[in-house]
Amino acid sequence: MKTVTTEIRLARKSDAPIVAEVHDEAWRAAYRGLIPGAELEKLIAKRGPGWWDAAIRKGNRIALLGFGDEVAGYANYGRNRAKALSYEGEIYELYLRPKFIGIGLGRRLFESARKDLEAHGLDSLVIWALSDNDAAMRFYRSLGGKPIARSSETFGDRALDKTAFGWAS
């Protein structure tokens, strides 16, 4: 039997290319068919290694989940950006490469980000998901998230509903 180790750690400057790669793969899998194709490709192109390098250098909290010798996913998180919501922290993004979905790694990454937020005094948190992304909606509900707000965002010529899930302290 082979043992595979998992590790969650904060991203370093040298990780920017791999975060961009995971982002590209995860976004194509999550949003193909939801966000119009050309618009999706534009959004992905904006988040290349340079974007991630700048985010890491600015001190953004970006946790990487390693599975064996591969980066399986990442979470990007910090203070809640929606001042109308009475939640302190926010997980801006939580994505896994498609081949790592469904084996419990997303839950581990979520819990790690949540504990890090709590360690920085942010005891409640919010996450936004596209309402038509059934997998994300099920995932956040399975983690105990409660729908607390709705909004919409326009991608090209298509407006999509978003749902905010909240976890109180």
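I will try to describe carefully the structure that is included in this document. This is a predicted model, so every value here is computed, not measured.

1. Regarding the overall build of the protein chain
Here's step 1: Counting secondary structure elements, the protein chain contains 5 helices and 7 strands.
Here's step 2: Seen in sequence order, the protein chain has helices and strands lined up from the N terminus as β-α-α-α-β-β-β-α-β-α-β-β.
Here's step 3: Taking 15 Å as the expected radius of gyration for a compact globule of 169 residues, we find that the protein chain reaches 16 Å, a close match to that expectation.
Here's step 4: Its C-alpha atoms give the protein chain principal-axis dimensions of roughly 45 × 40 × 35 Å.

2. A few points about the packing of helix α1 (residues 16-31) against helix α2 (residues 37-46)
Here's step 1: Between α1 and α2, the shortest axis-to-axis distance is 10 Å and the interhelical angle comes to 160 degrees. Viewed along their axes, α1 and α2 adopt a mutual orientation that is roughly antiparallel. Judged by the sense of rotation from one axis to the other, the crossing of α1 with α2 is right-handed. For the pair α1 and α2, contact is made by His23, Asp24, Trp27, Arg28 and Tyr31 and by Leu40, Glu41, Leu43 and Ile44, respectively.
Here's step 2: Considering only residue class, the contact of α1 with α2 consists of 5 nonpolar, 1 polar and 3 charged.

3. Quick word on the environment of tryptophan 167
Here's step 1: Tracing the backbone through its elements, the reader meets tryptophan 167 in strand β7 (residues 158-167).
Here's step 2: Separated by 48 residues in sequence, tryptophan 167 and alanine 119 place their C-alpha atoms 15 Å apart.
Here's step 3: Apart from the residues lying within four places of it in its own chain, the contact partners of tryptophan 167 are Tyr87, Phe110, Arg114, Ser124, Leu125, Ile127, Tyr140, Leu143, Gly144 and Gly145.
Here's step 4: A distance of 3.0 Å separates the side chain of tryptophan 167 from the backbone oxygen of leucine 143, its partner in a polar contact.

4. Overview of the packing of aromatic side chains
Here's step 1: Counting across every chain of the model gives 11 aromatic pairs.
Here's step 2: Relative to tryptophan 167, the ring of tyrosine 140 has its centre 6.3 Å away and its plane inclined at 80 degrees; by these criteria the two rings are edge-to-face. Of the two residues, tyrosine 140 sits in helix α5 (residues 134-142) while tryptophan 167 sits in strand β7, which places them 27 residues apart along the sequence. This pair shows no difference in class: tyrosine 140 is buried, exactly as tryptophan 167 is.
Here's step 3: Taken together, the ring pairs connect Trp27, Tyr31, Trp51, Trp52, Tyr74 and Tyr95 into an aromatic cluster.
Here's step 4: We note arginine 47 situated over the ring of tryptophan 51; from NZ or CZ to the ring centre the distance is 3.9 Å.
Here's step 5: The residue whose ring lies beneath lysine 162 is tryptophan 128, and the NZ or CZ to ring-centre distance is 5.2 Å.

5. A look at α1
Since there are 3.6 residues in each turn of an α-helix, residues three or four apart along the chain are aligned in direction.
Here's step 1: The terminal C-alpha atoms of α1, which comprises 16 residues, lie 22 Å apart, in line with the 22 Å expected from a rise of 1.5 Å per residue.
Here's step 2: Every buried residue belonging to α1 is among Ala16, Val19, Ala20, Val22, His23, Ala26, Trp27 and Tyr31, and all of these are buried. Taken end-on, α1 shows its buried residues confined to a sector of 165 degrees, consistent with a single buried face.
Here's step 3: On its buried side, α1 packs onto α2, α3 (49-57), β2 (61-67), β3 (70-79), β4 (89-96) and β5 (125-130).

Thresholds, definitions, all that
Residues numbered from 1 in each chain as written. Predicted model: local features only at pLDDT ≥ 70, side-chain atom pairs only at ≥ 80, totals over all residues. Heavy atoms only, no water. Helix = DSSP H or I, 4+ residues; strand = E, 2+ residues; numbered from the N terminus. Rg over C-alpha atoms; globule rule 2.2 N^0.38 Å. Axes fitted to C-alpha atoms, helices over the stretch in contact; angles between N-to-C directions. Parallel < 35°, antiparallel > 145°, perpendicular 65-115°, else oblique. Left-handed = near helix turned anticlockwise from the far one by under 90°. Contact = heavy atoms within 4.5 Å. Nonpolar A, V, L, I, M, F, W, Y, C, P; charged D, E, K, R; others polar. Polar contact = N/O pair within 3.5 Å; in protein donor to acceptor, adjacent residues only side chain to side chain. Phe/Tyr/Trp six-rings, centres within 6.5 Å; stacked < 30°, edge-to-face > 60°. Buried < 20%, exposed > 50% of the residue type's maximum accessible area, 1.4 Å probe, protein only. Lys NZ or Arg CZ within 6 Å of the ring centre and 35° of its normal. Expected span 1.5 Å × (residues − 1). Arc of directions from axis to C-beta.

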